[in-house]
Amino acid sequence: MKILEFNFKKEINASLSAVMWNYWDHEHLFVVHDNYTDAKIIYDNKFSAVFLLDYKLPILSFLRSKSLNVMIMEDSNTIRHFNMGLFKIPVHTTIRVEEIKIDYLKLLFNNL
């Protein structure tokens, strides 16, 4: 099996706590983001979460899919996200948030 690795980084004006809360607030997905239609939390605590998402596919929004997601808070700045959704392709994303200065962050994404 081939592994596709994708790296992305971006600097933004935001507080560390706001960004980490945004990633950890699983239920906001279907309220805020148009392509998600439902989120069912199976398990959630301070350091891990398991949830099911229903979503519309980008571009082909008449098609819908579901994904099983596991998130693990590795440390106060790092989240590991495991996803099995479209075409049953497993995805492992590491999200690292680095505070450069107050309310200015670097976001690092690494899909393994």
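Refer to the structure presented above.
In short, a report on the structure. These numbers come from a predicted model, not from an experiment. (Residues numbered from 1 in each chain as written. Predicted model: local features only at pLDDT ≥ 70, side-chain atom pairs only at ≥ 80, totals over all residues. Heavy atoms only, no water.)

### Overview of the pattern of salt bridges
One side chain can pair with another of opposite charge once the charged atoms of both are near each other.
Line of reasoning, step 1. Under the defined criterion, the tally for this structure stands at four salt bridges.
Line of reasoning, step 2. With a closest N to O distance of 2.4 Å, arginine 80 and glutamate 74 form a salt bridge.
Line of reasoning, step 3. Overall, arginine 80 belongs to the partly exposed group, its relative accessible area being 23%.
Line of reasoning, step 4. Measuring nitrogen to oxygen at the nearest pair gives 3.3 Å for the salt bridge that ties arginine 96 to aspartate 75. Of the two residues, arginine 96 is situated in strand β6 (residues 90-101) and aspartate 75 in strand β4 (residues 64-75); the sequence distance between them amounts to 21 residues.
Line of reasoning, step 5. With relative accessibility at 30%, the residue arginine 96 sits in the partly exposed group. (Salt bridge = Lys/Arg side-chain N within 4 Å of Asp/Glu carboxyl O. Buried < 20%, exposed > 50% of the residue type's maximum accessible area, 1.4 Å probe, protein only. Helix = DSSP H or I, 4+ residues; strand = E, 2+ residues; numbered from the N terminus.)

### Some details on the nonpolar core
Line of reasoning, step 1. Counting residues in hydrophobic clusters, the biggest one holds 20 residues, and the most contacted among them are Ile79 and Val97.
Line of reasoning, step 2. Those elements that place two or more of their residues in this core are α1 (16-24), β3 (48-56), β4, β6 and β7 (104-111).
Line of reasoning, step 3. Ignoring anything within four residues of it in the chain, the contact list for isoleucine 79 reads Met20, Tyr23, Trp24, Met71, Ile72, Met73, Thr93, Thr94 and Ile95. (Core = buried A, V, L, I, M, F, W, Y, C linked by side-chain atoms within 4.5 Å. Contact = heavy atoms within 4.5 Å.)

### Some thoughts on the pairing of β6
Line of reasoning, step 1. Pairing between strand β5 (residues 78-84) and β6: seven bridges, direction antiparallel. Its bridge partner lying in β6, asparagine 83 is registered against valine 91.
Line of reasoning, step 2. Linking β5 back to β6 in an antiparallel pair, the connection comprises five residues, with phenylalanine 87 at a positive phi of about 60°. (Pairing = 2+ DSSP bridges.)

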